[in-house]
Every structure is written in structure tokens, then in C-alpha cells.
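# Descriptive analysis of the structure
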Amino acid sequence: MVSDSVWIVGTSRSGKTTRIAEQFCHWIQIENQYPELFYTKNPNNKKAKSTIQTSNILPTELGVLVLGSNDENRRLLSDKIVSLTSGKYPIRAKTTLGFLQDEVILFWPLLIESLQIKAQFPVKLRPETEQELATKLWRSQLDVETLRSAGVNEYRLVRRILDIWQLAAYSGKPCEDIAEILQSGFQESVNNLEPDFLASLLLDWRNWCLERGMLTYALITELYSQHLLKNIDYQQRLVSRYQAILADDVDDYPAIAHNLFEFLLDNGAVGAFSYNPDGAIRWGLGADPQYLARLAQRCQIETLKSPPLDSLAAQLAEPMVKIVTEPMAIFRLPASVQPIQTASRAQLLRQTAEVIIDGIETGKVKPEEIAIIAPGLDAIARYTLTEILTKQNIPVESLNDQRPLVSSPFVRALLTLLALVYPGLGRLVDRDAVAEMLVILSQSRTHDGETQESHQPRIDPVRAGLIADSCFVPHPDHPHLLPVTAFERWDRIGYEGSRAYGEILQWIEEQKRSQQNPNFLPTPILLLYKAIQDFLCKDQNLSYEQLAALRELLETAQHYWEVDTRLRQTDSNLLSLHNQQSLCSSIAEFIQLLRRGTITANPYPIHSLGSARKAVTLATIFQYRASRRFHRWHFWLDAGSPLWAKGGAATLFGATLFLQDRLGEPWTAADEQLAEEQRLKRILADLLARVSEKLYLCHSDLAVNGQEQLGPLLPLVYSCEIISDITVPLSTSFSQTSSKL
């Protein structure tokens, strides 16, 4: 019997997402008069009549599960479906992990009954909170001697152990099987630590979380695969809720997704799955593309035309792969591929920016049609390129730039404000922090003439330093600010500065008095919100990046005190996120957690509304491929870097041990070499499919650390047809900017 499900194979930008949306339209019979019938399109003949098969489910009753490999992919697929169906048919669009999380929370009472755990609403832990709590739980066992034998610091070791559990859960294996898999895969100790010891740590952590109703991503995945998906009551509800599955780019899905799809298909559901042979972006991060590919045996296979004709992949993918993989291959790349070669990386960054500026100023390309892609973007490269281009009025969009939240001056000012309002936090505030806070909180909107508008602090940095020197009184328990008159020459502060300082001082005193109110909310979340409203958003329109940092601060604070409240309820005398059971100690640990830089400004939703920003895209290989964008011009930065073979993303420790086709098998040097070659081929094919006109290979002989670069893409640089006029003279303003850098 021919299956109703379809398996759509295509490379990047071959139309897989659109084809899935169209398949859904065929299922629900939008264009004919038979809504009670399903039909599937004959892929061999576009004009042929569709094959009609009877179904007892009406389209309006059809439960549809739509899954995307990431949030951007999910949103794109759901938008296409809604557009094609005019929003008439309900769908549920999620990422794989988002679906598992929602199911575990929705059926939490079922898990309480089957696991015999305490009945309490679950609290989801963020990765940084999970790291903090697991470290405290294991600290007595991860002593100095253990860390010395492991050869890594405490933070990295804890993260590595937690990642092992996540990988096991993704593969559908329970925590109890981890020791056996590690023992089989390494055939010796892991980082000089016994697999049984690591497994015991994870079992203790899992039980600790279950007792307190706290969910980590690994625990969510394990609860779903080991308990919910095997529960008869849940299975019945799952089958009644979903009769169709639409899953895009399943090559980036974990193995547990295969188990879910297989169960639904076995129980009468139809599916449409897309698979990219040049994808597998998340290989080594939990994805198992080979295991997901087994679903093709249960579907009608459609192969889309590839590569796309409007990309460089059609003419360059095959020869470029040969040049990289075959040392004796001789091929001269066409003029659409140009090298930018320098001796030092600093010269490379300047010359790359120069070519971009020339292309935009001469009208050859627009900023939004340019992408700079690198295997790894260090802070120097990111800052240099952004600074040079913005000085020429060329905006730059840095994809998923996960800088620490504390890098925002707004966040630092608010943390200083907390230390001045709540007692016992004097050791967390100093003179420089107070001066910065005064500058940030005194910003206001001023008008220069009739049209120009700017934001200027009423207390400039010099006057803020004078005030902090004379009016800030440090104290371990009660640091405070004195009136401006405490400064003998307070007239030097000026009227506006004195007035702004007085407003800040009055606001702090009011907050201290409000804490004595019995109805006062015993968390700093309200204080943070009020400070943002009264100081930062009162007289100025903040940028999207600034708002993102403030939103993430509020979301982080809300999450932190939600966890803290649960710990107070369950661990009055046991392990807690703080050393003392008091609000101030919780705030102290919250401030320290942020200052360690473990939390980034990445709120939900992370995308801005409206049309795409007209800016040059700056991204790593992993970020760019995951975003699935397309540009006319590409600049491949650090083309000689060995990191190109790594895909721009670090593989999780032990990830290969949990792949279904080689579960527990040791990973050899030959396996690693083969994996890097295959990954490099996928990267080249994928990126070339995402550029249409011109590719610049940017290479410097020396890396940022001064070492010679001899990466796998170096033969491509030497195979380019060099055009003599690629370098253009720098403009005067650009030369001045470059000299400062």
C-alpha cells in the first residue's frame, strides 16, 4: 500500500518549506468540493489528477502538529501555512524541544501519578540556573583533587556532565544507561573520572529536581521519552489530538523526534517531512540526521530540483569541494569568487570593510544584500567591522550576538541601584559603579534646533565622578548617598546636574521607606520595573538592543525569584540558591550571577517586528546557516582558519556516543577526520546555495594570535582568478577611522 506521507528531499533554498505547506493544502482539499477526503499529489506528474483516499476526519477537526528545527524555521513554516489557508485551519507550531516542554507541563498530573512525586506545579530552570544549582549540589563531591584529576575547571566540568545527560535524553536513553554507554565508548575513565561516578552525580541531580518540581531541558526530554510516550493514557490522547505532522528540516532533529513521528504514523497519522542532505547544522549538538532519515522508508519520496539556479552553488559547489578534498585537483575559480589577502588580520578587517564600503557607495550592492560569515567571531573582529562600517553610515546587524547581560550600561546601573536600596549589599558597589549609575539614570531627551534630537546625561561623567568622590559613603551594610551640598564646591555641579542628582537621591530614599510597608512586594522585580519606567524610558525612546537587554533583565529576575521561592518552600535548611535565607542575600547572589557574565540579552521573542533591517549581516557559520538567510554578496572571513572544518560550533563532549547508528561505539581519529570532511562539504554546499552573485574569500597569513593559518579552505584562496582593481583607495574619513583602530 502506498503511504500518504511524503518525504521531501532538497538542498538549501530548494523550496522544501513551501512544498510542505502546499502538501497541507492538498490534505485539507481547499480547492475541491470534497472536504471529507484526503488526497496526495502525484509527484511524477504535476497535471495528473490527485489520488483520492477516504478519511473519516473533517479538515476543521484535523489536529495538525507543525514542527520547526528552530524558532525562525517554525515561524516561517507556520506563516506560509496560515497564508495559504487564509488562517481557516488551526495548527500548532512548535520547535521540537518546545513541544516536549509543553507536553510535560500539560500532562504533569499524569507524571505525578506514575512517578509518585510531590504534587506541585513544575518550575522550568534556565541553563545558567541549572548550572548554579547543580554546582552547589555536587560541590562536596567535586573537590579540589577531583577537579585536578579531571583537568578542567569546575564550571566546565559541571557543564560537560549536564550536557551528557541532555545528549542521552535526546537519544531516548534514560539516565541509568549513561554509565554503560560512557564505559563502552571511552573504554576507560572520562576526564579521569569513572563513568559510574558521573552517572551517580546525574542521578542525584535528577532526583533533586523531581523532588522540588524543577524541570531542566534534559529532564523534560527524558520524562517525555521514558514516561509520557510510553503511557497508554497519554498515547490515546496524543492520537486523538494529532492526525497530521508537518516537520521541516528533520536533519536537525534529535532521535526522540523519530520515536514520536513513528508512533503517530503507526497510529494512522499522515506526515510531511523535509530533509536537507547538506544540512545537519546541529550535528554534534544533539541532532541525529541518520536516524531521522529512516522515516523515508515509510513515505513517498520527492526530490526537489537542486541546487537553486539563482545561487553560486550550481556552478561552484562541485569544483570547490574537489579543490578542498582532493589535493591534486586543479581548477581556476571564476571571477565571481575573489580573494582578499593580507599579512595580518588587522589589515584583513580593514580591507574587507573597504571593499564593502566601495560596493555600497558605488551602488553595486545594498547593505542588506551583504553577509560577513566567519567560523568564529572574536570581540576584536566584531567591534572593528561594526565600528568602521557604522562610521560610514552603514548599519551592521550582528546575528544572535549573545553578549553578557552585564555588558549593558543600563543593566549595570540598575544593579548598582539595587545595592543602594537594599541593606547588606555594600560590598557589591563602589565609587566607579555609582558614578556610572548617575550618568545613566540622568539621561534625558534634548532638542538641538527644530529637528535634531539627542540623548544627553544631565550629569556628565566628570561631574558624576566628583559627586561619587564626595557624596558616596561606602559601608558593608548601608552604603548611601549624601546630599549634593556635602560637596564643598557643589556649585561646580551646575543647576541641571544638582537637580538630576537630587531626583535620584529622593527616588532611592522613597524606595527604602516603601520597604517598611507591609504590602510591599518582597522582591526587587517591582523596583527594577519602576526604575526603568522612571529613569530609562521616561524621556527617551530606547533602541531595540537596549530594550532587549532590559527585557531580559526583567525576565531573568522573574525566573530567579520564582526558583528562589520554590527553594524557600522545599529547602528551608538544605541546599539553596543563597547562603542565608533572606531577601538581601538572594539579591546579592543575583547580582553576582549577572556580573559573572553567564546570562545573555536574548529575550523572547528575539525577532523585531516589521520589515527586515537594512543592514550588513555579521554572523558565524552556525548562526548564518541556522537563520537560513540569502544574500547577493558573501564575505567568508578567516578563510584560512582550521575552524571551518568544525562548522563554527563546538561539538558537545561525548555527542557521537549517543548517535543511534553507533550507540556507545568509541570515536576514533579516523572517524573525526571523516566527520570533518563531510561537514566541510555540507558547509560549502549550504553557503554557496545562499549567495547569488559574488563571494569574497578573506584570508590573512597570520591569525589573531599570530599563528600561521593553514585551514582546509586555503586551496580555494589560491585557486581564485585575481582581479587587480579589487582594492580601492580609502576615503579620507575612512582612513581616519581606520587609523584610530
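See the structure printed just above.
Criteria and thresholds
- Residues numbered from 1 in each chain as written.
- Predicted model: local features only at pLDDT ≥ 70, side-chain atom pairs only at ≥ 80, totals over all residues.
- Heavy atoms only, no water.
- Helix = DSSP H or I, 4+ residues; strand = E, 2+ residues; numbered from the N terminus.
- Buried < 20%, exposed > 50% of the residue type's maximum accessible area, 1.4 Å probe, protein only.
- Contact = heavy atoms within 4.5 Å.
- Areas by Shrake-Rupley, 256 points an atom, 1.4 Å probe, with all protein chains shown as cover.
- Salt bridge = Lys/Arg side-chain N within 4 Å of Asp/Glu carboxyl O.
- Expected span 1.5 Å × (residues − 1).
- Polar contact = N/O pair within 3.5 Å; in protein donor to acceptor, adjacent residues only side chain to side chain.
- Axes fitted to C-alpha atoms, helices over the stretch in contact; angles between N-to-C directions.
- Parallel < 35°, antiparallel > 145°, perpendicular 65-115°, else oblique.
- Left-handed = near helix turned anticlockwise from the far one by under 90°.
- Nonpolar A, V, L, I, M, F, W, Y, C, P; charged D, E, K, R; others polar.
- Pairing = 2+ DSSP bridges.
- Right-handed = clockwise from strand over helix to strand, strands pointing away.
- Core = buried A, V, L, I, M, F, W, Y, C linked by side-chain atoms within 4.5 Å.

So, about the overall build of the protein. When you go through the protein residue by residue, the secondary structure sums to 27 helices and 20 strands. Buried residues in the protein amount to 53% of all 741 residues. Sequence separation of at least 24 residues holds for 78% of the intrachain contacts in the protein that already meet a minimum separation of 6. By element, 51% of the accessible surface of the protein is carried by carbon and sulfur atoms, the whole surface being about 33,700 Å².

Under the defined criterion, the tally for this structure stands at 47 salt bridges. Notably, a salt bridge pairs Glu555 with Arg126, separated by 3.7 Å at the nearest N-O pair. Residue Glu555 is located in helix 22 (residues 544-570), and its partner Arg126 is located in the loop between strand 6 (123-124) and helix 5 (127-138); the two are separated by 429 residues in the primary sequence. Glu555 gets classed as partly exposed once you look at its relative accessible area, which sits at 26%.

Quick look at helix 23 (residues 583-595) now. Compared with an ideal rise of 1.5 Å per residue, which puts 13 residues at 18 Å, helix 23 spans 18 Å between its outermost C-alpha atoms and is within 8% of the ideal. Looking only at helix 23, the buried set comprises Ser585, Ser586, Ile587, Ala588, Glu589, Phe590, Ile591, Leu593 and Leu594. Turning to helix 23, the residues buried within the fold contact helix 5, helix 17 (409-421) and helix 22. Looking one or two residues past helix 23, Gly597 carries a phi angle of roughly 80°, positive in sign.

Right, let's talk about the side chain of Ser5 for a bit. By the secondary structure assignment, Ser5 is in the segment before strand 1 (6-9). Overall, the relative accessible area of 3% leaves Ser5 in the buried class. Looking at Ser5, its side chain comes within polar contact range of the main-chain nitrogen of Gly271, at 2.9 Å. Not counting chain neighbours up to four residues away, the residues in contact with Ser5 comprise Leu265, Ala269, Val270, Gly271, Arg298, Cys299 and Gln300.

For Ala703, the location among the structural elements is in the loop between strand 20 (691-700) and helix 26 (714-718). Taking the C-alpha atoms as reference points, Ala703 and Gly640, separated by 63 residues in sequence, lie 8.7 Å from one another.

Before going further, it helps to spend a moment on the packing of helix 8 (residues 178-186) against helix 9 (residues 195-212). The contact between helix 8 and helix 9 brings their axes to 8 Å, and the two run at 150°. Accordingly, the angle class assigned to the pair helix 8 and helix 9 is roughly antiparallel. The crossing of helix 8 and helix 9 is right-handed. Taking contact as the criterion, the partners of Ile178, Ala179, Leu182 and Gln183 in helix 8 are, on helix 9, Pro195, Asp196, Leu198, Ala199 and Leu202. Taken together, the residues of the contact of helix 8 with helix 9 break down into 7 nonpolar, 1 polar and 1 charged.

A separate point is the sheet that holds strand 9 (residues 270-275). Hydrogen bonding along the main chain pairs the strands of a sheet, whether they run parallel or antiparallel. The 6 strands are arranged 5-4-8-9-1-10 in an open sheet whose pairing can be described as parallel. Unpaired on one side and paired on the other, strand 5 (92-95) and strand 10 (300-303) mark the two borders of the sheet. Pairs of neighbouring strands in the sheet enclose a mean axial angle of 15°, with direction left out of account. Pairing between strand 4 (residues 64-68) and strand 5: 4 bridges, direction parallel. Bridge assignment links Leu67 to a residue of strand 5, and that residue is Lys94.

Attention now moves to the pairing of strand 4. Within strand 4, 5 of the 5 residues are buried, leaving the element largely enclosed by the surrounding structure. Of the two faces of strand 4, the one carrying Val64, Val66 and Gly68 and the one carrying Leu65 and Leu67 are both buried. One crossover worth recording links strand 4 to the parallel strand 5 by way of helix 2 (residues 71-85), and it is right-handed.

All right, on to the sheet that holds strand 19 (residues 631-636) then. Read from one edge to the other, the open sheet built from 6 strands follows the order 11-20-19-12-18-13, with strand pairing classed as parallel. Two strands lie at the open edges of the sheet, namely strand 11 (337-342) and strand 13 (396-398), each paired on one side alone. Here the average twist between neighbouring strands, direction ignored, is 20°. Relative to strand 20, strand 11 is paired through 6 bridges, and the arrangement is parallel. The partner of Val337 across the bridge, within strand 20, is Leu695. Packed on one face of the sheet, helix 15 (residues 345-361) meets strand 11, strand 12 (370-374), strand 18 (616-620), strand 19 and strand 20 and runs near 140° to strand 11. Of the strands in this sheet, strand 12, strand 19 and strand 20 touch helix 25 (residues 669-688), which is tilted by about 145° from strand 19.

Taken as a class, soluble globular proteins show a tendency for nonpolar side chains to be buried jointly. Phe99, Trp138, Trp205, Tyr224, Leu238, Phe261 and Phe273 are the most contacted members of the largest nonpolar core, which totals 77 residues. A per-element tally of this core places helix 7 (residues 154-170) first, with 8 residues. The residues touching Phe261, leaving out its near neighbours within four places in the chain, are Leu67, Ile245, Ala247, Val250, Tyr253, Phe273, Leu292 and Leu295. Ala435, Ile508, Ala557 and Ile591 belong to the second-largest nonpolar core, a separate cluster that totals 60 residues.

The next subject is unusual backbone geometry. A positive phi angle, close to 60°, is found at Arg13, a residue other than glycine. Mapped onto the elements, Arg13 comes out in the loop between strand 1 and helix 1 (16-27). Overall, the relative accessible area of 28% leaves Arg13 in the partly exposed class. For Asp638, which is not glycine, the phi dihedral falls at a positive 55°.

Direction vectors running N to C along helix 18 (residues 431-441) and helix 19 (residues 461-471) enclose 135°, while the axes themselves pass 8 Å from each other. In terms of orientation, helix 18 and helix 19 fall into the oblique class. Relative to helix 19, helix 18 is oriented so that their crossing is right-handed. Of the residues in helix 19, those touching helix 18 at Arg431, Val434, Ala435, Leu438 and Val439 are Pro461, Ala464, Gly465, Ile467, Ala468 and Asp469. In terms of residue class, the contact of helix 18 with helix 19 is built from 8 nonpolar, 1 polar and 2 charged.

Our focus in this paragraph is the side chain of Ser274. The residue Ser274 is located in strand 9 in this model. Classification of Ser274 by relative accessible area gives buried; the value is 0%. Separated by 2.3 Å, the side chains of Ser274 and Asp248 make a polar contact. Apart from the residues within four sequence positions on either side, Ser274 is in contact with Ile8, Lys16, Ile20, Ala247, Asp248, Asp249, Val250 and Asp251.

For strand 12, the buried fraction is high: 5 of the 5 residues fall into the buried class. Burial of the side chains of strand 12 extends over both faces: Ile370, Ile372 and Ala374 are buried on one face and Ala371 and Ile373 on the other. Sheet analysis places strand 12 next to strand 19, joined by 4 bridges and oriented parallel. Counted as the bridge partner of Ile370 is Trp633 from strand 19.

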